[in-house]
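Analysis of the macromolecular model
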Amino acid sequence: MYHSHQYPLPCLYCHPHSYIRMVQNLIERCLLFHMSQDQCIKALAEHAGIKPLVTLTVWKELQKENKEFFRDYFQVTTPTRRPFFNIVKGDQVQQEGKIGNNNV
C-alpha cells in the first residue's frame, strides 16, 4: 500500500510504535491543559492530522494503564465536580475585565 508523508512525523504504517508513542505524548499534553477526551480527539485531528479512532484507542489504553490517575483527572476536570475551580476562574475573568476597562 502506497501512502504519502505530509509531515516529518512518524507514520502509523511505517513506524507504528513511534506513531503510537507520539499520540500518547500529544494526549499527555492535552491532559496538561485539562482537556476532555472529546476536546483532545478534536484537537489532535485538527492540528496534528491524527485520526480520531487512533486517539480514542490510545486514550483508552492509557486509561486502562492509569486507572487511578484518570479517576482523579475526571473528578478535577468535570465541571460539576469543580466548584472551587469555577469560582476562581470566574474571579479571574472578572479581574481581567476590570483590567481591560481601566486601560480603555
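None of the values given here were measured: they were computed from a predicted structure.

Reading guide: rules and limits
Residues numbered from 1 in each chain as written. Predicted model: local features only at pLDDT ≥ 70, side-chain atom pairs only at ≥ 80, totals over all residues. Heavy atoms only, no water. Core = buried A, V, L, I, M, F, W, Y, C linked by side-chain atoms within 4.5 Å. Buried < 20%, exposed > 50% of the residue type's maximum accessible area, 1.4 Å probe, protein only. Contact = heavy atoms within 4.5 Å. pLDDT = per-residue confidence, 0-100. Helix = DSSP H or I, 4+ residues; strand = E, 2+ residues; numbered from the N terminus. Salt bridge = Lys/Arg side-chain N within 4 Å of Asp/Glu carboxyl O.

A few points about the nonpolar core
Note that soluble globular proteins tend to have their nonpolar side chains buried in a common cluster. Grouped together as the largest cluster of nonpolar side chains are 18 residues, with contacts concentrated most on Val-23, Ile-27 and Ile-50. In this structure Val-23 touches Ile-50, Val-54, Thr-55 and Val-58, once residues within four positions along its chain are discounted.

Examining the confidence of the model for the protein chain
For any part of a model where pLDDT is low, the fine detail of the predicted coordinates should not be relied upon. Per-chain confidence: the protein chain averages 78 in pLDDT, with 67% of residues scoring 70 or above. Here helix H5 (residues 83-102) stands out as the element of the protein chain with the lowest mean pLDDT, 49, in contrast to helix H3 (residues 52-65), whose mean of 96 is the highest. Note that residues 91-96 has pLDDT below 50 and, in this model, zero contacts with residues that lie over four places away or in other chains. Across residues 98-104 the pLDDT falls below 50, and counting only partners more than four positions away or on other chains, this stretch makes zero contacts in the model.

Comments concerning the pattern of salt bridges
Following the criterion strictly, the structure yields two salt bridges and no others. Of the charged contacts, one joins Glu-61 and Lys-64 as a salt bridge, the two residues approaching to 3.1 Å between their closest N and O atoms. Taken together, the residues span about one helical turn, with Glu-61 and Lys-64 both in helix H3 at a distance of three residues. Between Asp-72 and Arg-71 there is a salt bridge, with its nearest N and O atoms 3.3 Å apart.

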